[in-house]
Amino acid sequence: MLKSIAKKLLELVLFFLILSFVSFCLLKLVPGDPVRSILRVDDVAVSNQQIADMRSQLGLDQSLPVQYGKWLVQLLQFDFGQSYLTQRPVFAEFMEKLPYTLLLTGGSLFIMLVIALPMGTMAALYRNRWIDNASRMFALIGSSIPSFWLGLLFIEWFAVKLRILPSMGEGTIFHLVLPSLTLGLAMAAVYVRMIRASLIESSGQDFIKAAQARGISPARIFFRHMFRHSLVPLITVFSESIGSLLGGTVVIEVLFAYPGLGKWIVDAIAARDYPIIQGYTLFMAVFIVCINMTVELSYRWINPEMALKEKRPS
């Protein structure tokens, strides 16, 4: 057990080292100069001496290995550096933006589950009925509409014409409604089809037929066996959706001027703010790794057969 944990930790350390090195090198290959972005705000001309001084101040005049080594040493001290533009710690800025993205992620997933779970379940239980046809139509239309266009429609209807919801910004729960609805509906269209397909596949398993033959009630079969078995593929995709949402839904956050991680990283990329981009990459990697580990552990609870297979001698 300890050997397995140590091996896992070693793999994670190597993964983060490789990720940080690759992302650092890729950032340097991106066209543009952060020094010129900083000094030429509002198109004010600057001299070559000012550019050289600023490059020296930021340490950008040093070789790439030296820059990466210094950044790595700072990282080991839990120092993610400072933003070139705001001169504030990257970690502090990240923690300021994170709650907004968490709220948007939670709201989007809530709307998605409220729509997709009952609709996908009813479609699987009543195949080829009107609810099944309606769910397929919803999935087709929802998958075909780009989320940014759906967001524009919501702004036009609810913010401009009806004037019942704000179109941008933050501050109240009402500011979350339109971006959450836009993301939630787009995801629900995908999950309806997945839930339906997964439940139909589970209903044809031998253990379901055996349970029916033993006279177990349909409700117990559904909740204890069929639904639980169908969760394995759904949780895999669900974890990817959480990772994507936490990474920042760039288009939606920019469309609704929502101050989350997506808008934050877009502004940083436009300004070539390397410390923020590098820190953001590492933060997201940590989130994704944590989510994947949680999902991996949940498989053992959902499907005990997986844990039993691992215990059997090969």
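The structure displayed is predicted, hence computed values, not measured ones.

> It is not clear to me how the packing of aromatic side chains should be interpreted in this structure. Could you clarify?
Two measures describe an aromatic ring pair: the distance that separates the ring centres and the angle between the ring planes. Within the structure shown, the criterion is met by 20 aromatic pairs. The interplanar angle of 55 degrees and the centroid separation of 6.2 Å between the aromatic rings of Phe94 and Trp264 together place this pair among those described as tilted. Pair noted here: Phe94 is in helix H5 (residues 90-125) and Trp264 is in helix H12 (residues 261-270), with a separation of 170 residues, a long-range link. According to the relative accessible area criterion, Phe94 is buried, its value standing at 2%. Among the residues examined, Trp264 registers a relative accessible area of 7% and is labelled buried. Here Phe94 and Phe287 contribute two aromatic rings whose centre-to-centre distance is 6.3 Å and whose plane-to-plane angle is 35 degrees, an arrangement assigned as tilted. With a gap of 193 residues between them, Phe94 in helix H5 and Phe287 in helix H13 (residues 274-302) connect regions that are remote in the sequence. Looking at Phe287, the relative accessible area reads 26%, which means it is partly exposed. Taken together, the aromatic side chains of Phe78, Phe80, Phe91, Phe94, Trp264, Tyr280, Phe283 and Phe287 make up a single cluster linked through ring pairs.

> What's the story with the pattern of salt bridges in this structure? I'm lost.
Any two side chains of opposite charge can pair if their charged atoms end up close together. Considering all chains together, one arrives at 5 salt bridges under this definition. A salt bridge links Arg196 to Asp132; the shortest N-O distance between them is 2.7 Å. Taken together, the residues Arg196 in helix H8 (residues 174-203) and Asp132 in helix H6 (residues 130-144) connect sequence positions 64 residues apart. Residue Asp267 pairs with Lys263 through a salt bridge whose shortest N-O separation is 3.4 Å. Here Lys263 and Asp267 lie together in helix H12, a separation of 4 residues that amounts to about one turn. Among the residues examined, Asp267 registers a relative accessible area of 42% and is labelled partly exposed.

> Whenever I open this one, the domain arrangement of the protein confuses me. Can you help?
It is common to report an interface's size as the accessible area lost on association of the parts. In terms of domains, the protein is made up of domain 1 (34-79) and domain 2 (99-310). For domain 1 and domain 2, the distance between their C-alpha centroids amounts to 40 Å. Listed as interface residues are 5 residues of domain 1 and, on the opposing side, 5 residues of domain 2. Approximately 440 Å² of surface area, both sides summed, lies buried where domain 1 meets domain 2, with 74% of it carried by carbon and sulfur atoms.

> For this particular structure, what's the right way to read the nonpolar core?
A general tendency of soluble globular proteins is for nonpolar side chains to be buried together. Core analysis: the biggest nonpolar cluster contains 37 residues, and Leu109, Met112, Ala116, Met187 and Leu199 have the highest contact counts within it. Contributions of two or more residues to this core are made by H5, helix H7 (147-161), H8, helix H9 (206-213), helix H10 (218-246) and H13. Every residue in contact with Ala116, bar those within four places of it in the chain, is listed here: Thr121, Ala188, Tyr191, Val192 and Ile195. The next biggest cluster of nonpolar side chains, apart from the first, holds 27 residues, and it includes Val35, Val46, Ile51 and Phe80.

> Would you mind showing me how to read a nonpolar patch on the surface here?
On the surface, Leu10, Val13, Leu14, Leu17, Ile18, Phe21, Val22, Leu26 and Leu29 cluster together to form a nonpolar patch covering roughly 870 Å² of accessible area. Examined against the element boundaries, Leu14 turns out to sit in helix H1 (residues 2-29). The exposure class of Leu14 is partly exposed, given its relative accessible area of 47%.

> What's the story with the environment of Arg163 in this structure? I'm lost.
Relative to the elements of secondary structure, Arg163 occurs in the loop between H7 and H8. Residues Arg163 and Val251 lie 88 residues apart in sequence; the distance between their C-alpha atoms is 23 Å.

> Help me understand the side chain of Ser180 in this model?
Tracing the backbone shows Ser180 in helix H8. Apart from residues no more than four positions distant in its own chain, Ser180 is found in contact with Leu104, Gly107, Ser108 and Ile111.

> It is not clear to me how the environment of Leu245 should be interpreted in this structure. Could you clarify?
Note on placement: Leu245 falls in helix H10. Once you skip the residues sitting within four places of it in the chain, Leu245 turns out to touch Thr101, Thr105, Ser108, Leu109, Leu183 and Met187.

> Got a minute to help me understand the UniProt feature "transmembrane region" (unreviewed entry) in the protein in this structure?
Mapped onto the present numbering, the UniProt feature "transmembrane region" (unreviewed entry) falls at residues 12-30, 100-126, 138-160, 172-192, 231-257 and 277-302. Between the end C-alpha atoms of residues 138-160 there is a gap of 26 Å, over a span that is 91% helix and 0% strand. Between the first and last C-alpha atoms of residues 172-192 the distance is 30 Å; the span itself is 90% helix and 0% strand.

> Would you mind showing me how to read the packing of H10 against H13 here?
The geometry of a pair of packed helices is captured by two quantities: the angle between their axes and the separation between those axes. For the pair H10 and H13, the least separation of the axes is 10 Å and the interaxial angle reads 170 degrees. Relative to H13, the element H10 is oriented roughly antiparallel. Of the residues in H13, those touching H10 at Arg228, Leu231, Val232, Ile235, Thr236, Ser239, Ile242, Gly243 and Leu246 are Met284, Phe287, Ile288, Ile291, Asn292, Val295, Ser298, Tyr299, Trp301 and Ile302. Tallied by class, residues from the contact of H10 with H13 come to 13 nonpolar, 5 polar and 1 charged.

Conventions used here
Numbering of residues begins from 1 in every chain and follows the order in which that chain's sequence is written. Where local features are concerned, this predicted model is filtered to residues with pLDDT of at least 70; where side-chain atom pairs are given and counted, the filter is 80 or more; whole-chain, interface and lining totals use all residues. To obtain the side-chain values, all non-hydrogen atoms of the structure were included, while hydrogens and water were left out. Between 30 and 60 degrees the pair is tilted, below 30 it is stacked and above 60 it is edge-to-face, where a pair is any two Phe, Tyr or Trp rings, Trp via its six-membered ring, whose centres lie within 6.5 Å. The helix count covers DSSP runs of H or I at least four residues long, the strand count covers runs of E at least two residues long, and both are numbered beginning at the N terminus. For every residue, the accessible area (1.4 Å probe, protein chains only) is compared with the maximum for its type, and the residue is labelled buried under 20%, exposed over 50%, or partly exposed between those bounds. A pairing counts as a salt bridge when a side-chain nitrogen of Lys or Arg comes within 4 Å of a carboxyl oxygen of Asp or Glu. Where each domain begins and ends is defined by an automated method or by a domain database. In what follows, residue pairs with any heavy atoms lying within 4.5 Å of each other are defined as contacts. When two components associate, each loses some accessible surface as probed by a 1.4 Å sphere; the sum of these losses over both components is called the buried area. Here, nonpolar core refers to any group of buried Ala, Val, Leu, Ile, Met, Phe, Trp, Tyr and Cys residues whose side-chain atoms link them within 4.5 Å. Excluding any residue in a salt bridge, patches collect residues exceeding 30% relative accessible area, merging like charges within 9 Å and nonpolar Val, Leu, Ile, Met, Phe, Trp and Tyr side chains within 5 Å. All accessible-area figures derive from a Shrake-Rupley calculation using a 1.4 Å probe, and residue coverage is judged against the displayed protein chains alone. UniProt positions are given in the numbering used here, feature names are shortened, and annotations may be inferred rather than shown by experiment. Where helices are involved, their axes are fitted lines through C-alpha atoms of the stretch in contact, as for all axes, and angles between N-to-C directions lie from 0 to 180°. By definition in this entry, angles of less than 35 degrees are roughly parallel, angles greater than 145 are roughly antiparallel, angles of 65 to 115 are roughly perpendicular, and the rest are oblique. For this classification, Asp, Glu, Lys and Arg are treated as charged, while Ala, Val, Leu, Ile, Met, Phe, Trp, Tyr, Cys and Pro are nonpolar and the rest, including Gly, are polar.

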